[in-house]
Amino acid sequence: MKVFITGGAGFIGSNFIRYWMRAHPQCEIINFDKLTYAGNPANLADVAGQPNYRFVRGDISRPEDVLSALDPDVDLIINFAAESHVDRSIENPAAFIRTNITGVQVLLDAARERGIDRFVQISTDEVMGSLGPEGYFTEESPLQPNSPYAASKAAAEMLVRASHHTFGLDTIIIRSGNCYGPYQFPEKLIPLMITNAMDDQPLPIYGDGLNVRDWIYVEDYCRAVDAIITRGRSGEVYCVGARSEKTNLEVVETLLRLLNKPRSLIQFVEDRPGHDRRYAIDPSKVEREFGWRPQETFESGMAKTVHWYQTHRPWVDAVRSGAYREYYQRMYGHRKILKPSH
Ligand code: NAD
Ligand code: TYD
C-alpha cells in the first residue's frame with residue numbers, strides 16, 4: 001500500500017507518520033508538505049532515512065505540484081495540510097482560503113484523475129461553531145463556523161462531500177477536538193504555555209480563561225484515524241474526542257503544577273475576537289463502530305507532553321527563534337492586560 005500524506009511535517013501529521021510507520025511497516029509513505037512556518041523537517045528526523053518514506057516539498061493549492069508528486073500507484077490520500085491557527089486567520093484569512101479551500105479542491109481533483117481508492121479529510125470540531133454550557137457535537141451537528149479558520153475548514157468539508165456525491169469519490173471526513181502532545185508549534189495554547197513557563201515568561205490567557213476545549217492526546221488521535229481510515233465507511237463523517245473538557249484556566253493550572261512554576265505567571269489579556277466559548281465532542285459513533293478508546297487520561301497525556309518539551313530544548317529553542325519572535329510581538333505585544341475577575 002502507498003499513502004500520500006499532506007502536511008506531514010506539521011504537528012499532527014508528523015506524529016501520524018511516525019505512528020503509521022510503526023503500525024503498518026510494509027506501507028510506503030510520501031509526505032507532501034509546503035514547509036510553511038508550521039512545517040518542520042526536524043519533526044521527522046528519526047524516520048527520514050527509512051526506505052519506505054519519501055519527502056516532497058510542494059503546495060496543495062498548486063495542481064502541478066500535486067500531480068507531479070502523486071504517483072499513479074498511490075492508494076490513499078490523507079490531507080492534514082492546512083493553515084491551522086485561529087489567531088492567524090483573524091489577522092489574515094487569505095492563506096486560509098488558498099490552502100484550506102483551493103488546496104482541498106486541487107487534491108480532490110487529483111484523487112479523481114488518478115483513481116485514488118480513498119480520500120481522507122482531516123477536519124475539526126470548530127466547523128460546528130460554539131456550544132453553550134450543555135450538549136455535545138455529533139456527526140449530525142450543523143456546520144456553524146465562527147472564525148475564518150473554521151469557515152475555511154467547513155468549506156473544505158462541503159467540497160469533499162460534493163466530490164463524494166457527484167463523482168462517487170470514496171471520502172471520509174474526520175473531525176477532532178483540540179490535540180496536544182510532542183512537536184506542536186508553540187502558537188497553540190498548550191505548547192505556548194509550556195514553553196513560556198519553562199522560561200518564566202507570562203502566560204497570556206484570553207478573556208476570563210473559562211472557554212472550554214475538549215482535549216485529546218495526539219497518539220490517541222492517530223490510533224482513531226487509523227481505525228477510521230481502515231474500517232470506516234465511504235461518505236461518512238466521524239467525530240473523535242476523548243471526553244476531556246477543560247477550561248483554559250484548568251489547562252494552565254495543570255501545566256504550572258507539572259512544571260512546578262508559580263501561578264503568578266498567569267496574565268489575563270484582551271480576548272480573541274469572536275472567541276468560541278465551548279467545544280465538546282460526543283465520540284459515541286467511533287467508540288461503537290471501532291471499539292476505540294483513548295489510552296491517555298488528560299493528566300497522563302499532559303505529563304508526557306510537559307516531559308517531552310523539557311527534554312527537547314534544542315527543538316524548542318529553534319522553533320522559538322527568528323520569525324516566531326516577530327509573530328509573538330505582533331500577536332501579544334499590543335494586547336491589553338486585564339485585571340483578573342477572580
Ligand atoms: P500544523 O499547522 O502544525 O501543520 C500544518 C502542516 O501543513 C505544516 O507542516 C505546513 O507546512 C503544511 N502546509 C500548510 N500549507 C500547506 C500547503 N499549501 N501545501 C502543503 N502543505 C502545507 O497543523 P496541525 O495542528 O498538525 O493540524 C493538522 C490538521 O489537523 C489540520 O488540517 C488542522 O485543521 C486539523 N486539526 C488540528 C487540530 C489541533 O488541535 N492541532 C484539531 C483539529 C483539527
Ligand atoms: P488554540 O490552541 O489557539 O486552539 P483553538 O482556538 O483552535 O481551540 O486555543 C485554545 C484555547 O486557548 C482557546 O480558547 C484560546 C485560548 N488561548 C489563550 O487563552 N491564550 C493563548 O495565548 C492562546 C494561543 C490560546
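Figured I'd write up the structure that's included with this text. (Residues numbered from 1 in each chain as written. Chains lettered and ligands numbered in written order. Predicted model: local features only at pLDDT ≥ 70, side-chain atom pairs only at ≥ 80, totals over all residues. Heavy atoms only, no water.)

1. Let's talk about the sheet that holds strand 3 (residues 53-57)
Then comes step 1: Strand order in this open sheet of 7 strands is 3-2-1-4-5-6-10, and the pairing throughout is parallel. Because the sheet does not close on itself, it has two edges, and the strands there are strand 3 and strand 10 (237-240). Taken pair by pair, the neighbouring strands of this sheet meet at an average axis angle of 20°, ignoring direction.
Then comes step 2: In this structure, strand 5 (residues 118-124) lies alongside strand 6 (residues 171-176), joined through 6 bridges in parallel fashion. Bridge pairing in strand 6 places Val120 opposite Ile172. (Pairing = 2+ DSSP bridges. Helix = DSSP H or I, 4+ residues; strand = E, 2+ residues; numbered from the N terminus. Axes fitted to C-alpha atoms, helices over the stretch in contact; angles between N-to-C directions.)

2. Considerations on the sheet that holds strand 9 (residues 212-217)
Then comes step 1: Pairing within the open sheet is mixed, and its 3 strands lie in the order 7-9-11. Looking along the sheet, the strands with just one partner apiece sit at the ends: strand 7 (178-180) and strand 11 (245-247). Taken pair by pair, the neighbouring strands of this sheet meet at an average axis angle of 50°, ignoring direction.
Then comes step 2: As judged from the 3 bridges shared by strand 9 and strand 11, these two strands associate in the antiparallel manner. Bridging across to strand 11, Asp214 finds its partner in Glu245.
Then comes step 3: Of the strands in this sheet, strand 7 and strand 9 touch helix 7 (residues 218-231), which is tilted by about 75° from strand 9. (Contact = heavy atoms within 4.5 Å.)

3. With respect to the side chain of Thr195
Then comes step 1: In this fold, Thr195 is placed in helix 6 (residues 189-198).
Then comes step 2: Within the structure, Thr195 has its side chain in polar contact with the backbone oxygen of Leu192 (distance 3.3 Å).
Then comes step 3: Among all residues touching Thr195, those that are not within four sequence positions of it are Pro186, Tyr309, Val316 and Arg320. (Polar contact = N/O pair within 3.5 Å; in protein donor to acceptor, adjacent residues only side chain to side chain.)

4. As for the site of ligand 2
Then comes step 1: Taken together, 19 residues surround ligand 2, and among them Glu126, Arg213, Arg272, His275 and Tyr332 come closest.
Then comes step 2: Contacts to ligand 2 include Glu126, whose side-chain N or O atom sits 2.4 Å from an oxygen atom.
Then comes step 3: Coverage of ligand 2 by the protein amounts to 98% of the 510 Å² it exposes when considered alone.
Then comes step 4: Among the secondary structure elements, those contributing two or more residues to the shell around ligand 2 are helix 6 and strand 8 (203-206).
Then comes step 5: Among the residues forming the shell around ligand 2, the class breakdown is 9 nonpolar, 5 polar and 5 charged.
Then comes step 6: Both domains that meet at the shell around ligand 2, namely domain 1 (2-180 + 217-240) and domain 2 (189-212 + 245-273 + 297-340), each give it at least three residues. (Near = heavy atom within 4 Å. Areas by Shrake-Rupley, 256 points an atom, 1.4 Å probe, with all protein chains shown as cover. Nonpolar A, V, L, I, M, F, W, Y, C, P; charged D, E, K, R; others polar. Domains from an automatic or database assignment.)

5. Structural notes on the site of ligand 1
Then comes step 1: By nearness alone, 30 residues border ligand 1, and Ile12, Asp33, Ser84, Tyr149 and Lys153 come closest of all.
Then comes step 2: In the model, a nitrogen atom of ligand 1 is placed 2.9 Å from a nitrogen or oxygen of the Asp59 side chain.
Then comes step 3: Between a nitrogen atom of ligand 1 and a main-chain N or O atom of Ile60, the distance comes to 2.9 Å.
Then comes step 4: Surface burial for ligand 1 is 97%, taken as the share of its 840 Å² of free accessible area covered by protein chains.
Then comes step 5: In terms of residues, the shell around ligand 1 owes the most to one element, strand 5, which gives 3 residues.
Then comes step 6: Classifying every residue of the shell around ligand 1 gives 12 nonpolar, 13 polar and 5 charged.

6. Observations concerning the nonpolar core
Then comes step 1: Core analysis: the biggest nonpolar cluster contains 37 residues, and Phe16, Trp20, Ile78, Ile174, Tyr221 and Val240 have the highest contact counts within it.
Then comes step 2: Broken down by secondary-structure element, the contributors of at least two residues to this core are strand 1 (2-6), helix 1 (11-23), strand 4 (76-79), strand 5, strand 6, helix 7, strand 10 and helix 9 (284-290).
Then comes step 3: Per element, the largest residue contribution to this core is 8 residues, and it comes from helix 7.
Then comes step 4: Setting aside chain neighbours within four positions, we find Phe16 in contact with Ile5, Ile78, Phe80, Cys222, Val225, Asp226 and Ile229.
Then comes step 5: Among the nonpolar cores identified, the runner-up in size contains 36 residues, and Met302, Trp315, Val316 and Tyr332 belong to it. (Core = buried A, V, L, I, M, F, W, Y, C linked by side-chain atoms within 4.5 Å. Buried < 20%, exposed > 50% of the residue type's maximum accessible area, 1.4 Å probe, protein only.)

7. Looking at the pairing of strand 1
Then comes step 1: Counting buried positions along strand 1 yields 5 of 5 residues, so the element is predominantly enclosed.
Then comes step 2: Relative to strand 2 (residues 28-33), strand 1 runs parallel, the two sharing 5 bridges. The partner of Thr6 across the bridge, within strand 2, is Phe32.
Then comes step 3: Handedness of the crossover is the feature at issue here: the chain leaves strand 1, passes through helix 1, returns alongside strand 2, and the resulting connection is right-handed. (Right-handed = clockwise from strand over helix to strand, strands pointing away.)

Spatial relationships are all this shows, so hold off on functional conclusions.
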